[in-house]
Amino acid sequence: MAKQGAKVGVITFPGSNCDADLRRAITETAGLQLVEIWHKETALDVDAVLLPGGFSYGDYLRSGAIARFSPIMENVIAFAQSGGPVLGICNGFQILTEAGLLPGALMRNRDLQFLCQDTVLRIEGRETPFTRNLPGLDRTYTIPIAHMDGNFTADADTLDRLEGEGQVVFRYVGGAPNGAVRDIAGISNARGNVVGLMPHPERRVDAEVGGTDGRALFTSLASWFAVAAA
Amino acid sequence: MKKVRVFVTLKAGVLDPAGKAVEGGLRHLGFDEVKGVRLGKLIELELDDGAGDERARIDQMCKKLLANTVIEDYRIDGAQ
């Protein structure tokens, strides 16, 4: 894949509410070209796809269960399967698990409460387009969560495989506030091109509004494209 | 028109915090015989009569959308 002037698609579903922040992170933080995509579209002419947080379809039935069948998703799935970088944040992560692009499921928070707070994360596991050069760095990232269903779960075999293959990419330091098994905050697929996490890096890209720890994911994507183009 | 019911429940072994909360509530009311509560969903489908392979189609509905088989089981009630 290219790319000078890589194009990043941000998909808006009915009920998405973090797409504006994500668009800003792509243009201002990463300096990449933005393509705004409504979920009813089907054409996907981009170099990366981002699924924002929010409450698509009111979280009816299960978080992400209905958005997973939006018209654009057929091409998102094909794009992911061809190795294209895909990032799902919060509701986007839920959509990716419902679509079968990431293993496991995100259940109701252990204490049945909506959680809106900062969390401290470690970035580990394998490198991905969104965590280029970040795993293993001796530092943590303070990034907020805001969700009702972030309690990641998977069967024991799947968990062992995720750990063994370095697919646990984000982990809560000091325990998962939502009860997520093994303190998992985010994972990648086996190939490493599809990543999902519950915390909101797009809400921490500006020192004026809380901090800049979230910038790393977006600058990582920019540098991943720069290397791919070289 | 006929009605078919689909029951979606968490798989055995999957923690059910809402069920635990209800269990605690019942105990608090003095129902000490309650040793466990699991919550689930009841989904009522209204279907055209006489559709062929009804059960197979409802099975597909469950697998594709109504249940997340990573964490949930389902049971179909009243289908041919």
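Given the structure is predicted, the values throughout are model-derived calculations rather than measurements.

## Regarding the overall build of chain B
- Helix and strand counts for chain B come out as 2 helices and 3 strands.
- For 80 residues, the compact-globule estimate of 2.2 N^0.38 gives 12 Å, and the C-alpha radius of gyration of chain B, at 16 Å, exceeds that figure by more than 25%.
- For chain B, the C-alpha atoms occupy an extent of roughly 50 × 25 × 15 Å along the three principal directions.
- Across the 80 residues of chain B, 10% fall into the buried class.

## Looking at the overall build of chain A
- Scanning chain A for helices and strands turns up 5 helices and 11 strands.
- The C-alpha radius of gyration of chain A comes to 16 Å, within 12% of the 17 Å expected for a compact globule of 230 residues.
- When the 230 residues of chain A are sorted by exposure, 56% land in the buried category.
- Within chain A, counting contacts between residues at least 6 apart in sequence, those at least 24 apart form 77% of the total.

## Concerning the interface of chain B and chain A
- Contacts between the two partners involve 8 residues from chain B, matched on the other side by 11 residues from chain A.
- It is helix α1 (residues 17-28) of chain B that contributes the most residues to the side of chain B that touches chain A, 3 residues altogether.

## Describing unusual backbone geometry
Residue and element names in this part refer to chain A.
- Residues other than glycine seldom take positive phi values, yet Asn-133 does so here, at roughly 65°.
- Within the element layout of this structure, Asn-133 appears in the loop between β6 (115-123) and β7 (141-147).
- In this structure Asn-133 comes out as partly exposed when scored by C-beta crowding, with 13 C-beta atoms within 10 Å.
- Backbone geometry at Asp-183 places phi at a positive 60°, although glycine is not the residue there.

## What about the nonpolar core?
- Within the largest apolar cluster, 71 residues are counted, with the highest numbers of intra-cluster contacts made by Val-49 and Leu-221 of chain A.
- Filtering out sequence-adjacent residues up to four positions away, Val-49 of chain A remains in contact with Gly-9, Ile-11, Val-76, Phe-79, Gly-84 and Val-86 of chain A.
- The next biggest cluster of nonpolar side chains, apart from the first, holds 5 residues, and it includes Val-6, Ile-58, Leu-66 and Tyr-74 of chain B.

## Section: the sheet that holds strand β1 (residues 2-10) of chain B
Residue and element names in this part refer to chain B.
- In space, the 3 strands of this open sheet follow the order β2-β1-β3, with antiparallel pairing throughout. Among the strands making up the open sheet, the edge pair consists of β2 (40-47) and β3 (72-77). If you compare each strand with its neighbour and ignore which way they point, the axes differ by 20° on average.
- Pairing of β1 with β2 involves 8 bridges; the strand directions are antiparallel. Bridge pairing in β2 links Thr-9 to Gly-40.
- Strand contacts of helix α2 (residues 54-66): β1, β2 and β3, with the helix running at about 40° to β1, the strand carrying the most contacts.

## Examining the sheet that holds strand β9 (residues 168-172) of chain A
All names here are of chain A.
- Read across the open sheet, the 9 strands follow the order β2-β1-β3-β4-β11-β10-β9-β6-β7; overall the sheet is mixed. Unpaired on one side and paired on the other, β2 (33-38) and β7 mark the two borders of the sheet. Neighbour-to-neighbour, the strand axes of this sheet turn through a mean angle of 25°, independent of strand direction.
- One ladder, built from 3 bridges, connects strand β1 (residues 7-12) with strand β3 (residues 48-51); its direction is parallel.

## Some words on the packing of helix α1 (residues 19-29) of chain A against helix α5 (residues 215-229) of chain A
Residues and elements named next belong to chain A.
- The N-to-C vectors of α1 and α5 enclose an angle of 55°; their axes lie 9 Å apart at closest approach. Here α5 runs oblique to α1, going by the angle between their axes. In this structure, the crossing between α1 and α5 has a hand that is right-handed. Here Ala-25, Ile-26 and Thr-29 of α1 lie close against α5, whose contacting residues are Arg-215, Phe-218 and Thr-219.

## Comments concerning the pairing of strand β11 (residues 194-197) of chain A
Residue and element names in this part refer to chain A.
- Side chains of β11 alternate between two faces, with Val-194 and Gly-196 and Val-195 and Leu-197 buried alike.
- In terms of strand pairing, strand β4 (residues 86-89) meets β11 through 4 bridges, oriented parallel. When the bridges of β11 are listed, Leu-87 appears paired with Val-195.
- Here strand β10 (residues 184-188) hands over to β11 after 5 residues, with Gly-192 in that stretch at a positive phi of 90°.

## Brief notes about α1 of chain A
Residues and elements named next belong to chain A.
- Residues Asp-19, Asp-21, Leu-22, Ala-25, Ile-26 and Thr-29 constitute the buried set of α1. Seen end-on, α1 carries its buried residues on one side only, within an arc spanning 165°.
- Residues of α1 that are buried in the fold lie against β1, β2, β3 and α5.
- Just beyond α1, the residue with positive phi is Gly-31, at close to 65°.

## Comments concerning the environment of Val-8 of chain A
Residue and element names in this part refer to chain A.
- When you line up the elements, Val-8 lands in strand β1.
- Remark: the alpha-carbon pair of Val-8 and Pro-85, spanning 77 residues in sequence, is separated by 9.5 Å.
- Other than its neighbours up to four places away in sequence, Val-8 contacts Ile-26, Leu-32, Gln-33, Leu-34, Val-35, Val-46, Asp-47, Ala-48 and Leu-50.

What counts as what
Residues numbered from 1 in each chain as written. Chains lettered and ligands numbered in written order. Predicted model: local features only at pLDDT ≥ 70, side-chain atom pairs only at ≥ 80, totals over all residues. Helix = DSSP H or I, 4+ residues; strand = E, 2+ residues; numbered from the N terminus. Rg over C-alpha atoms; globule rule 2.2 N^0.38 Å. Buried ≥ 20, exposed ≤ 12 C-beta atoms within 10 Å, placed from the backbone. Contact = placed C-beta atoms within 7 Å. Core = buried A, V, L, I, M, F, W, Y, C linked by C-beta atoms within 7 Å. Pairing = 2+ DSSP bridges. Axes fitted to C-alpha atoms, helices over the stretch in contact; angles between N-to-C directions. Parallel < 35°, antiparallel > 145°, perpendicular 65-115°, else oblique. Left-handed = near helix turned anticlockwise from the far one by under 90°. Arc of directions from axis to C-beta.

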